[in-house]
Each structure stands twice: as structure tokens, then as C-alpha cells.
Amino acid sequence: ERSRRKGFTMLKIIYMGTPYFAVPAFEALTANRAPGLLLPKGYEIVSVITRPDKPSGRGKEVVFSPIKQAALAQGIPVWQPGSLKRPENIEALAAHSADLYIVAAFGQILPQAVLDVPRYGTLNIHASLLPRYRGVSPISEAILQGESETGVTIMLIDAGIDTGPILLQRAIPIAEDDTTGSLTAKLATLGASALLAALPLWVAGDLQPQPQNEQEASYTRMLRKEDGAIAWHRSATRLAREVRAYSPWPGSYTTWRGKLLKILEAHALPAQATQDTPAGTVLLRKENGTASLQVATGEGVLVLERLQLEGKKAMNGDEFVRGYANIAGDVLGG
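Read on for a plain summary of the structure. (Residues numbered from 1 in each chain as written. Predicted model: local features only at pLDDT ≥ 70, side-chain atom pairs only at ≥ 80, totals over all residues. Heavy atoms only, no water.)

1. Quick word on the overall build of the protein
A count of helical and extended segments in the protein gives nine helices and 15 strands. Each principal axis of the C-alpha atoms in the protein carries an extent, and together these give about 75 × 45 × 35 Å. In the protein, which comprises 334 residues, the share counted as buried stands at 48%. Of all intrachain contacts in the protein linking residues separated by at least 6 positions in sequence, the fraction that spans at least 24 positions is 66%. Summed over all atoms, the accessible surface of the protein reaches about 15,800 Å², with 51% contributed by carbon and sulfur. (Helix = DSSP H or I, 4+ residues; strand = E, 2+ residues; numbered from the N terminus. Buried < 20%, exposed > 50% of the residue type's maximum accessible area, 1.4 Å probe, protein only. Contact = heavy atoms within 4.5 Å. Areas by Shrake-Rupley, 256 points an atom, 1.4 Å probe, with all protein chains shown as cover.)

Written out as C-alpha cells, the structure reads:
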């Protein structure tokens, strides 16, 4: 196997991805494709495959995915075939005669007929330290679970959902104020450097795939809009993590007097006693001469640092209290 790999010529790579997470690794690849930079004889990205364009926003204008925009800027062909389970698409993909597929947040499960084509297999950049947090929402789930660190895994894709053997992992701490948005950006950059480290070793036959420990495996699920509805009976610590995990999507929200109220930033005071105060009750307290907008929860209080009432601009807690002092004593969420 190693001798076969040592004799390769310029590799042909197909890159598959869709959201921003896929962009830094793609740009790192394009910057290092010349012979001698990463591989002795270099490589060529023959095509970028991404999900079909779809309308977005109020105007329903068609918006290109971030990876499509990046590929077009580099002059690399983009292919948007839809499902790669269709026989005609599998055949068209094989016609590229690519040696390696690289996947980053593509949004499709690749069938075995696709995985069998490239001689160096299909590498995936997954945004967790596998086998923990397999599936579609690893970044938000790590925040929800109160993890102190997360990372990226370069793995070989097999027929399962993020079950393939591990080639390389890198970890970073999760900051107390990290949101899914900020952590995605950090992990995307980390994923790019991890891919550049793994690729030459893998092609040269110097990386031994390590099977995942199924006893430590956990799975995530697709987030839904309704996940962002705040359940005030939960602990303040949990709700503060939800606010961070659901930013930027689906967002955390409640209602006040029939209007949507988005909670954009918040922190927990877990030891704060609320006695018999119903969960969801708004409490106004003074801290260093500034009004603090707090809400009783099932355990402790949640301090609302930044929020936005339906039809209004986003405000910090003190600004909101000055404009809507009558919120004191009301119970949010009905």
C-alpha cells in the first residue's frame, strides 16, 4: 500500500461542502496546491460540489452557498447535482477520475458507491472530537452540554454517520462567551490546519486510521426553530448555554404581552434565590447604579444582557428597562 502511494503523480481532488465552515479548509487547499508546498507533485481541485442554490430572505432571492462563492472566486468549476445517490450522478462523479474526495459540512450522506470511487478514499472534517457528537449539530451540542473543550477530527468516511476511522484530531477550549457562531469560525480555521497536517501524511501512507470507540459515541440532531423557545422552568445555567448554542440560529426567544422577545445575550446567576417566584417572572435589580433585567428560572436567575422586542432594535438590559419599565413583575412566555 505504501509503495503504491509513494508513486503518485499530481492528485485530483474533489471538494464537497456548503456553509462557511467549509471555506477556510478549501482556501487553505487552493493556496497550497502547487508542487512542493504540501505534496511533492502538487494536486488539482477539479471540482467543488455543493448543495443546489435556494431562495433566502424576505425577497426570496437565490443566494449562492459560501463554498460556491469561494470556488467561483478561485475559478474552480462548481457542480450542484442534488442527490449523489442517483445513478446518473454517481456515474458523472466517477467520470472526474478524482483520486481523493474531501468533505466539510456538505449536508449529504454519501452512498457506498460514491465512497468506493477515489483510491485515497474520502476525508471528512468533522467539528467535534469524535466519537462524541456525531451528526449535524456538533458545535451547538458541545456548548449545550457545557463542554470545556471541543475540536475537529479528520476522518475517513464510511457508510455510517461519522463512524469512520480517525486520522487526526486537534482540540481547542470553549470560551465562556463562545456562541455557535464564534465557535464555528474558530473550528473552521482549526479544521483547515488539521487538514493540511493530515493530507500529506495520508497520501504518503504515514497515517494509520484508528477505529472509533463505540462505547464513547454520542449523536446530535438537526436543530429546529422551536428549539429556541425558552422554557423558563429549566435552570438558569442551562438557559444561558441555550442562548449561546442557538446563536445565530434558531435564536433564543420568548414572548411578552403577545410580542416576540429575542434574547440575544444572557448569563446565569445560578445561586440567586427566587423563593416562590414563578419561573419566567421578570425581576428588576440595581447593580452598580445600573438596572439589571433578570428573569426567575427553575433554578437561579437569568440576566438578560441584550434583547430585542418584535419590531424594535436590539438593546442592552439597561436600555430596555428605561424604555419598558412596565415589564417588571410580568411573566414571560405566557
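2. Describing the pattern of salt bridges
Enumeration according to the criterion identifies twelve salt bridges in this entry. Notably, a salt bridge pairs Asp178 with Lys186, separated by 3.1 Å at the nearest N-O pair. Residue classification places Asp178 among the buried residues on the basis of a relative accessible area of 2%. With its nearest N and O atoms 2.3 Å apart, the salt bridge here joins Asp318 to Arg322. (Salt bridge = Lys/Arg side-chain N within 4 Å of Asp/Glu carboxyl O.)

3. Quick notes on the nonpolar core
One finds Tyr15, Phe26, Leu100 and Leu187 to be the most contacted residues of the largest nonpolar core, which totals 53 residues. Residue contributions to this core peak at eleven residues, all from helix H7 (residues 180-203). Each residue touching Leu100, except ones within four places of it in the same chain, is listed here: Leu11, Lys12, Ile13, Ile14, Pro118, Tyr120, Gly121, Leu123, Leu199 and Trp202. Leu239, Val282, Leu304 and Tyr324 belong to the second largest nonpolar core, which has 23 residues in total. (Core = buried A, V, L, I, M, F, W, Y, C linked by side-chain atoms within 4.5 Å.)

4. Quick notes on the environment of Gly135
Among the structural elements, Gly135 can be located in the loop between strand S7 (122-126) and helix H6 (138-144). With relative accessibility at 17%, the residue Gly135 sits in the buried group. Sequence separation between Gly135 and Thr220 is 85 residues, and the spatial gap between their C-alpha atoms is 5.1 Å. Gly135 has contacts with His126, Ile161, Asp162 and Thr220, leaving out every residue within four places of it along the chain.

5. Topic: the pairing of strand S6 (residues 100-104)
Of all five residues in S6, five are buried; the element is thus mostly enclosed. Burial along S6 is two-sided: Leu100, Ile102 and Ala104 facing one way and Tyr101 and Val103 facing the other are all buried. In this structure, strand S1 (residues 11-17) lies alongside S6, joined through five bridges in parallel fashion. Paired with Ile14 across the two strands is Tyr101, which belongs to S6. (Pairing = 2+ DSSP bridges.)

6. Remarks on helix H3 (residues 66-74)
Every buried residue of H3 is accounted for by Ile67, Lys68, Ala70 and Ala71. Looking straight down H3, one finds that the buried residues subtend no more than 165 degrees of arc, so they occupy a single side. Once H3 ends, the next one or two residues include Gly75, with phi positive near 75 degrees. (Arc of directions from axis to C-beta.)

7. Points about unusual backbone geometry
The peptide bond linking Leu130 to Pro131 adopts the cis configuration, its omega dihedral lying at 15 degrees. The omega torsion across Trp249 and Pro250 is 5 degrees, close enough to zero to call that bond cis. Relative to the elements of secondary structure, Pro250 occurs in the loop between helix H8 (236-245) and strand S10 (252-256). We note that Ala105 has phi near 50 degrees; this positive angle belongs to a residue other than glycine. Position of Ala105 relative to the elements: it lies in the loop between S6 and helix H5 (112-115). Take Ala105: its relative accessible area is 32%, and that puts it in the partly exposed class. Phi angles above zero are rare outside glycine, and Arg257 is one such case at about 50 degrees. Residue placement: Arg257 occurs in the loop between S10 and strand S11 (259-269).

Note that all results are geometric; they support no functional claim without further evidence.
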